[in-house]
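Residue-level structural notes
Spelled out from the first residue to the last, the chains are:
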Amino acid sequence: MRDFDIIVYGATGFTGRLVAEYLAQTGAKRWAMAGRSLSKLEEVRDLIGAPADTPLVTANSDDPASLRALCQRTHVVLTTVGPYQLYGSDLVAACAETGTAYVDLCGEPAWMRQMIDAHHETAKASGARIVFSCGFDSIPFDLGVLTLQDAAKDKFGHAMPRVKGRVRKMQGGFSGGTAASLKATLAAAAKNPTLIGYLTDPFALSPGFKGPHQPSGMIPEYDRTIEAWVAPFIMAPINTKNVHRTNFLTGQSYGADFVYDEMMVAPGLGEMGKAAAEAIAKINPLASDKGPKPGEGPPKEERDAGFYDLLFIGEGPGGERIDCVVTGDKDPGYGSTSKMIAETALCLVEDVTGAGGIWTPGALMGKVLADRLQARAGLTFRAG
């Protein structure tokens with residue numbers, strides 16, 4: 001019998017604090033807060049209004065023994081301590097070895113592939129259910145495609161070989177951790193050029209499988225399906241890989257010829273839309289130093305004012321079409337992400353068993369998680 005159902009590791013960071021606050025407010029049982037400093041944990045516990053008897057656990061990413069001890073006390077480790085390629089490898093190894101479930105917010109595909117190669121078989125043997133990318137990247141996209149494909153099978157009797165993901169509206173920025181992860185990824189690729197292949201390969205998280213050519217999504221274009229100009233979407237390189245991994249882990253349930261891309265819809269019509277798409281393509285929202293640093297984030301008013309609206313379009317070989325709309329009621333980088341990862345951890349505890357291994361949310365939890373997020377976390381999934 002383990003002491004806890006969930007330990008939030010990184011609870012003194014900005015996103016970790018939001019997760020701990022969410023668990024406290026929703027009345028979760030048998031959970032604990034973990035981090036490097038006991039005094040900071042006590043301070044955050046009091047700040048978020050968590051019960052005074054909320055257990056606190058100290059552990060450090062550079063002390064593998066402390067991470068292993070942490071894993072042995074809980075059923076699920078929820079970690080917000082990134083960049084994961086700098087601070088996450090020993091924790092994944094400890095979870096895989098001890099049979100402990102794991103969820104994170106990772107958007108670092110080269111590191112994820114390294115972890116799959118190193119620990120997937122160990123996790124299968126121990127029963128550890130390790131799930132990367134449990135925030136805005138990539139749950140709304142992963143589950144959006146899955147919801148669309150399930151609806152397509154019900155309506156047409158087959159999955160859609162071509163799906164387009166289109167970000168129609170979004171308010172709220174990316175987290176400071178996302179920016180730090182991108183910079184760490186680029187630094188790692190500069191030192192080890194072999195990692196570039198993982199960053200550019202759509203099937204980098206599907207070892208041994210190579211599907212058809214995929215659109216790059218890097219050049220503005222006029223999308224006749226929605227009659228609008230579309231521009232590159234900065235999270236597409238990680239989301240698309242996770243969607244393909246879900247297809248891979250579910251026995252090519254979307255088809256071995258599945259083609260998927262993600263782009264952002266530009267505002268305006270005609271030449272105005274084209275100009276907007278071209279302008280968006282030149283902007284790197286993670287390049288500026290003006291955004292939040294890791295451990296920082298926007299105030300509650302900004303998080304609550306945020307939202308996102310995603311459209312997925314499935315196209316069949318005979319001209320069939322089916323759409324799925326996914327929405328979130330908070331800003332993607334913090335408010336919605338903190339609810340999503342918390343509910344994913346609770347889903348592993350309360351709703352889903354499943355075999356060990358390194359999973360995606362869609363492949364392991366699928367509709368069960370989508371239903372939970374609709375009921376509890378402010379997301380909607382509507383297909384038809």
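Here the structure is a predicted model, which means the values were calculated and not measured.

It is worth spelling out the environment of Arg224 at this point. Residue position: Arg224 is located in the loop between β8 (221-223) and β9 (228-232). A sequence separation of 158 residues divides Arg224 from Arg382, and the C-alpha atoms of the two residues are 22 Å apart.

It is worth spelling out the pattern of salt bridges at this point. Applying the stated rule across the entire model yields 21 salt bridges. Between Lys124 and Glu121 there is a salt bridge whose closest N-O contact spans 3.9 Å. Taken together, the residues span about one helical turn, with Lys124 and Glu121 both in helix α6 (residues 109-126) at a distance of 3 residues. Here Asp371 makes a salt bridge to Lys367, at a shortest N to O gap of 2.7 Å. Residue Asp371 and its partner Lys367 are located together in helix α15 (residues 366-376), separated by 4 residues, close to a single helical turn. Exposure remark for Asp371: the relative accessible area of 37% places this residue in the partly exposed category. Salt bridges linked by common partners bring Arg162, Lys164, Arg166, Asp223 and Asp261 together as one network.

Most of strand β4 (residues 74-79) sits inside the fold, with 5 of its 6 residues counted as buried. Alignment of strand β1 (residues 4-9) against β4, held across 5 bridges, turns out to be parallel. Paired with Val8 across the strands is Leu78, a residue of β4. In terms of strand pairing, β4 meets strand β5 (residues 101-103) through 3 bridges, oriented parallel. Opposite Val77, over in β5, you have Tyr102 as the bridge partner.

This paragraph deals with the sheet that holds strand β7 (residues 162-171). The 7 strands are arranged β8-β9-β10-β7-β11-β12-β14 in an open sheet whose pairing can be described as mixed. On the outer flanks of this sheet lie β8 and β14 (379-383), each paired with one strand and no other. For this sheet the average axis-to-axis angle between neighbouring strands, irrespective of direction, equals 30 degrees. Contacts between helix α11 (residues 270-281) and the sheet are confined to β9 and β10 (259-265), with β9 contributing the most and set at about 5 degrees to the helix. On top of the sheet, helix α13 (residues 332-350) reaches β7, β11 (307-315) and β14; it is set at about 75 degrees to β11, its chief contact.

The final tally for this structure, using the stated rule, is 12 aromatic pairs. Each ring, one from Trp111 and one from Phe132, has its centre 5.4 Å from the other, and the planes form 55 degrees; the classification is tilted. Highlighted residues: Trp111 in helix α6 and Phe132 in the loop between β6 (129-131) and α7 (139-156), separated in sequence by 21 residues. Judged by relative accessible area, Trp111 falls into the buried class, the value being 3%. By the ring-pair criterion, three or more aromatic residues cluster together here, those being Phe136, Phe141, Phe233, Tyr308 and Phe312.

Rules used in this analysis
- Residues numbered from 1 in each chain as written.
- Predicted model: local features only at pLDDT ≥ 70, side-chain atom pairs only at ≥ 80, totals over all residues.
- Heavy atoms only, no water.
- Helix = DSSP H or I, 4+ residues; strand = E, 2+ residues; numbered from the N terminus.
- Salt bridge = Lys/Arg side-chain N within 4 Å of Asp/Glu carboxyl O.
- Buried < 20%, exposed > 50% of the residue type's maximum accessible area, 1.4 Å probe, protein only.
- Pairing = 2+ DSSP bridges.
- Axes fitted to C-alpha atoms, helices over the stretch in contact; angles between N-to-C directions.
- Contact = heavy atoms within 4.5 Å.
- Phe/Tyr/Trp six-rings, centres within 6.5 Å; stacked < 30°, edge-to-face > 60°.

So, to be careful, I would describe these as geometric facts and stop short of saying anything about function.
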